[in-house]
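# Chain and residue survey
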Amino acid sequence: MPVLIRIAFRNLLEHRSKTLIIGTLLALGVVILIVGNAFMDTAERGVKEGFTANFTGDVFISGKATNGTVSLFGVQAAGGQETTPTLPYYDRIVEKLSSMPQVEDKASQITGFGMATIANSDDQTFALLFGIEPGEYRRIFDQAKIVDGHFLEPGEEGIVITKGALERVNKQLKQELKVGDRIMLTGMGSMGFKIRSVPIVGLVEYKNGSEASDFITYVDVNTARILQGLTLGNDADTPVSESQKALLAQSSEDEMFGGGEVVETSSTAPSRPAEPVAAAPAAPVAQSVADTGAWQFILVKLKHPSQAPRVVAELNQWFATEGIDAQAGGWKMAAGPFSQSIDVVRIIFNIAIIIVSIVAIIIMTNTLVISVIERTGEIGTMRALGAQRGFVRKMFLVETLTIAVVFGAIGTVLGVGIIGILNLAHIEAGNAFLQILFAGKILHASASIGSIISSLVLVIVVAILAHIYPVSLALKIEPVRAMQTE
Amino acid sequence: MVIVELQDVHKVYPLGKVEVEAVKGVSFSIEKGDFISIAGPSGSGKTTILNMIGCVDRPTQGTVIINGQPTKELSDRALTTLRHDTLGFIFQSFNLIPVLDVRENVEFPLLLGKSRMGKSEKDEWIDYLIEEVGLTQWRDHRSNELSGGQRQRVAIARALVTKPHIVLADEPTANLDSKTGEQILELMKKINREMQTTFIFSTHDAKIVNIADHVVRLQDGLVTENIRKGEDVLVGAGAGGAADGTGEGGRA
């Protein structure tokens, strides 16, 4: 082997231009892989850490949608947003979770969509409503830092939003809203519009928060249920006439919401089909009474997050055995479109890498073929002197590996250096998508050892693939060619 | 003792749509320790015959026997082993490995197969050969730093390093001036005497032919003369020994 390495090194030095062409391609490949993977890994890690710590937990349990996929952000279906199913047999699922030793804690949630506005204003802004039970929710998700007011107390009516969200709302509504002010939320469930006035009880801030988290509005669960139509006896709702609506619009905020009552425009379906609501009164009930048993999701925190796949499998098995129309998934399922955007970017990146690899293989193959042609006499001489085909094969393999390792190492140093420079530059994410990619508002990527090793392995594989055809040509060189060398 | 034997050897090369018969039924044999010249003008078939004896080419028809072993049936791997263990090569264009220095070039064939020599014995042997060819002070130089004569000396040392029974030299003096060519031939002759190594070299230079003990002359792919110094002509011009392919004419 030493003679092969000696010959390899000297041949690479002897044919500097070809070595540089191939080496530059390999080094460039490593740089692209390391920098690209650092972005991807940072984004995925950031999104994962951000979501599991702040929004999703380790395991996500939801009902099954008839069409589309369920996430913490609703149901994504081909035709648009679908109604998020309520979780059937909630109590039994909670009981099951409490019997599982891997489970540390759980929180339940309802997600809704609405518009936020204030009285006597035509301006409104989008709100993603996370209906929660504050006590259990804060036990799991305690990362959000209170910057003004307080977080929702158990049983308290109101909303908590991010500081950024309040700035956005103020800008869009042209207001100077602050903690203590009331805001009107219009729920947009499948059962029509429902309007409710709630106070802003607190402002929060996330570490490495992005614009995406500014759309999240924590709201007490009963308000969320009412806005989403998850009410008892909601099939007895009273339609609101146009004249009533006009009257409502003219009324002052205090007149309208002083009692905190719900104003409903229409309703057609019960909150929880099939499953009986415990002790649901048969007599006519106030349409403003929330169905306190209705939840859409359970977010589970595990003692060891690495056990998530096993817990998910166990839960899904249990759902199937018990005939419960629910499903469990990991944080990616819960994060839905946010994790998918990372996956899409990674797929695009991988496709780009495959294309670049193919181009690199073609260029390297051509360069190596020229090298083999130039060395026909030398290879023929070696064969004539007694070199078996295996020796020739090894000689080219060692040359290929040498060039791949040397330039791979150069590419690694360059890649890590570029990441360092980019981090020092404090590049700011200009939009929400970049904030997802950057896992925050400022780019801070880091190359993992695993990513560096996999990049080097990929480059070595590319180099080996590129050398297969030239070597096959070299192996066809007969020893008689030594006699024909001039 | 016969070390090489050719029996009715033919070689046909395809040249586009036509076929060219470079060797047309050649038979002769070579004794161990011979210093034999295969002589003839360009295109007479001497290099083709040398290639077949050197196991770098196969006859289209007929048999080549090296050390009692017919080469026709041998696999590529076995032929390569035979070349490594039994044969040494000296090429017209020297064919040194450009990235290796003199010592490494001489050592190279030893790295290609199993050597019975220990490291110190190997080192001594390489140094001895380099000294024999007069290149001790050039041992660390690469081939591009050597003259043609020096390169061919390196090639001679390399051909001998595996202690082969036979050394084949294809026009070893063709790219050298006459004085250097003579020196190279004298060196080959000296080694032939001292080590009893069989030397088979091709040439078209009549002056060089005279140094050989045994001369096989070729013309248009046929043996025209097969003579050994101090002995009668084994095959004369136009005699049947070569042309009829009996192989008898080659026997000394």
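In this text the structure is predicted, and so the values were computed from the model without any measurement.

### Observations concerning the overall build of chain A
Broken down by element type, chain A carries 15 helices and 14 strands. Within chain A, the fraction of its 486 residues that count as buried is 53%. At a minimum sequence separation of 6, the contacts of chain A that also span at least 24 residues come to 78%. In the structure as shown, chain A presents an accessible area of about 21800 Å², 61% of it carried by carbon and sulfur atoms.

### Quick word on the overall build of chain B
If you tally the helices and strands in chain B, you get eight helices and eleven strands. The proportion of buried residues among the 252 residues of chain B is 55%. By sequence separation, contacts in chain B at least 24 residues apart represent 66% of the contacts at least 6 residues apart. Accessible surface for chain B amounts to roughly 10700 Å². Of this, 48% is attributable to carbon and sulfur atoms.

### So, the interface of chain A and chain B
Where the parts come together, the accessible area they lose is often given as the size of the interface. Taken together, the 23 residues of chain A in the interface contact 26 residues of chain B. Both sides together, the interface formed by chain A and chain B hides about 2500 Å², and carbon and sulfur atoms give 60% of it. For the interface between chain A and chain B, the tally reads five salt bridges. The shortest N-O distance in the salt bridge between Glu 104 of chain B and Arg 10 of chain A comes to 2.4 Å. For the pair chain A and chain B, the interface holds twelve residue pairs in polar contact (both at pLDDT 80 or more).

### Concerning unusual backbone geometry
Residue and element names in this part refer to chain B. Positive phi, close to 50°, is recorded for Asp 8, a residue that is not glycine. With respect to the helices and strands, the residue Asp 8 is situated in strand β1 (residues 2-15). The backbone of Glu 171 shows a phi angle near 40°, a positive value even though the residue is not glycine. Tracing the backbone shows Glu 171 in the loop between β7 (166-170) and α6 (178-195). Take Glu 171: its relative accessible area is 8%, and that puts it in the buried class.

### Some points on a nonpolar patch on the surface
All names here are of chain A. On the surface, Ile 5, Phe 9, Val 406, Ile 410, Leu 414 and Ile 418 cluster together into a nonpolar patch covering about 460 Å² of accessible area. In terms of residues, the nonpolar patch owes the most to one element, helix α13 (residues 389-424), which gives four residues. Structurally, the position occupied by Ile 5 is in helix α1 (residues 2-14). Taking the relative accessible area as the measure of exposure, Ile 5 reaches 37% and is therefore partly exposed.

### Points about the packing of aromatic side chains
Across all of its chains, the model carries 17 aromatic pairs over all chains by this definition. Geometrically, the ring pair formed by Phe 60 of chain A and Phe 297 of chain A is tilted, given 5.1 Å between the ring centres and 35° between the ring planes. With a gap of 237 residues between them, Phe 60 of chain A in strand β1 (residues 59-63) and Phe 297 of chain A in strand β13 (residues 297-302) connect regions that are remote in the sequence. Here Phe 60 of chain A matches Phe 297 of chain A in class, with each residue buried. Both rings, one in Phe 89 of chain B and one in Phe 91 of chain B, keep their centres 5.8 Å apart while their planes meet at 5°; by these two values the pair is stacked. A relative accessible area of 1% means that Phe 89 of chain B is categorised as buried. For Phe 91 of chain B, a relative accessible area of 1% translates into the label buried. Through a chain of ring-to-ring contacts, the aromatic side chains of Phe 51, Phe 55, Phe 73, Phe 130, Tyr 137, Phe 141, Phe 151 and Tyr 218 of chain A assemble into a single cluster. Note that Lys 163 of chain B overlies the ring of Trp 125 of chain B, its terminal NZ or CZ placed 4.8 Å from the centroid.

### Regarding the pattern of salt bridges
The tally for this structure, following the rule as stated, stands at 33 salt bridges over all chains. Note that Glu 157 of chain A is salt-bridged to Arg 196 of chain A, the shortest N-O span being 2.8 Å. Highlighted residues: Glu 157 of chain A in the loop between β7 (145-149) and β8 (159-162) and Arg 196 of chain A in strand β10 (residues 192-205), separated in sequence by 39 residues. One network of salt bridges, in which partners are shared, links Arg 103, Glu 107, Lys 119, Asp 123, Asp 127, Arg 139 and Asp 140 of chain B.

### Considerations on the packing of α13 of chain A against helix α15 (residues 449-475) of chain A
Residue and element names in this part refer to chain A. Closest axis-to-axis distance for the α13/α15 pair is 9 Å, and the angle between their directions is 150°. As judged from the angle between their axes, α13 and α15 are roughly antiparallel. Here the hand of the crossing between α13 and α15 comes out right-handed. Looking at the contact of α13 with α15 residue by residue, the classes come out as 16 nonpolar, four polar and two charged.

Calculation notes
The numbers attached to residues start from 1 for each chain and follow its sequence in the written order. Here the convention is simple: chains get letters from A, ligands get numbers from 1, in the order in which they are written. It should be noted that, the model being predicted, local features are given only for residues of pLDDT at least 70 and side-chain atom pairs only at 80 or more, the latter also being counted only at that level, while totals for whole chains, interfaces and linings use all residues. Water and hydrogen atoms were dropped before computing side-chain values, which therefore reflect all heavy atoms in the structure. For helices the rule is a DSSP run of H or I covering at least 4 residues; for strands it is a run of E covering at least 2, with both sets numbered from the N terminus onward. In this scheme, a residue with accessible area under 20% of its type's maximum is buried, one over 50% is exposed, and one in between is partly exposed, where area comes from a 1.4 Å probe on protein chains only. In this description, contact between two residues means that some pair of their heavy atoms is separated by no more than 4.5 Å. Accessible surface is estimated by sampling points in the Shrake-Rupley manner with a 1.4 Å probe; for residues, cover comes only from the protein chains shown. Once two parts are put together, the accessible area they lose, assessed with a 1.4 Å probe and summed over both, is termed the buried area. Any carboxyl oxygen of Asp or Glu that lies within 4 Å of a side-chain nitrogen of Lys or Arg is treated as forming a salt bridge with it. Side-chain atoms alone can form a polar contact between residues adjacent in sequence; in general such a contact is a pair of N or O atoms within 3.5 Å, and within protein one must be able to donate a hydrogen while the other accepts it. Patch definition: residues with relative accessible area over 30% and no salt bridge; like charges joined within 9 Å; nonpolar side chains (Val, Leu, Ile, Met, Phe, Trp, Tyr) joined within 5 Å. For Phe, Tyr and Trp, rings pair up if their centres lie within 6.5 Å, where Trp contributes its six-membered ring, and each pair is then called stacked (planes under 30 degrees apart), edge-to-face (over 60) or tilted (otherwise). Charge over a ring is defined by NZ of Lys or CZ of Arg lying within 6 Å of the ring centre and within 35 degrees of the ring normal. A fitted line through C-alpha atoms serves as each axis, taken over the contacting stretch for helices, and the angle formed by two N-to-C directions is quoted from 0 to 180°. Convention used here: angles under 35 degrees read as roughly parallel, angles over 145 as roughly antiparallel, angles from 65 to 115 as roughly perpendicular, and any remaining angle as oblique. Helix crossings get a hand from a simple test, with the near helix turned counterclockwise from the far one by less than a right angle marking a left-handed crossing and a clockwise turn marking a right-handed one. When residues are grouped by polarity, Ala, Val, Leu, Ile, Met, Phe, Trp, Tyr, Cys and Pro land in nonpolar, Asp, Glu, Lys and Arg in charged, and all others, Gly among them, in polar.

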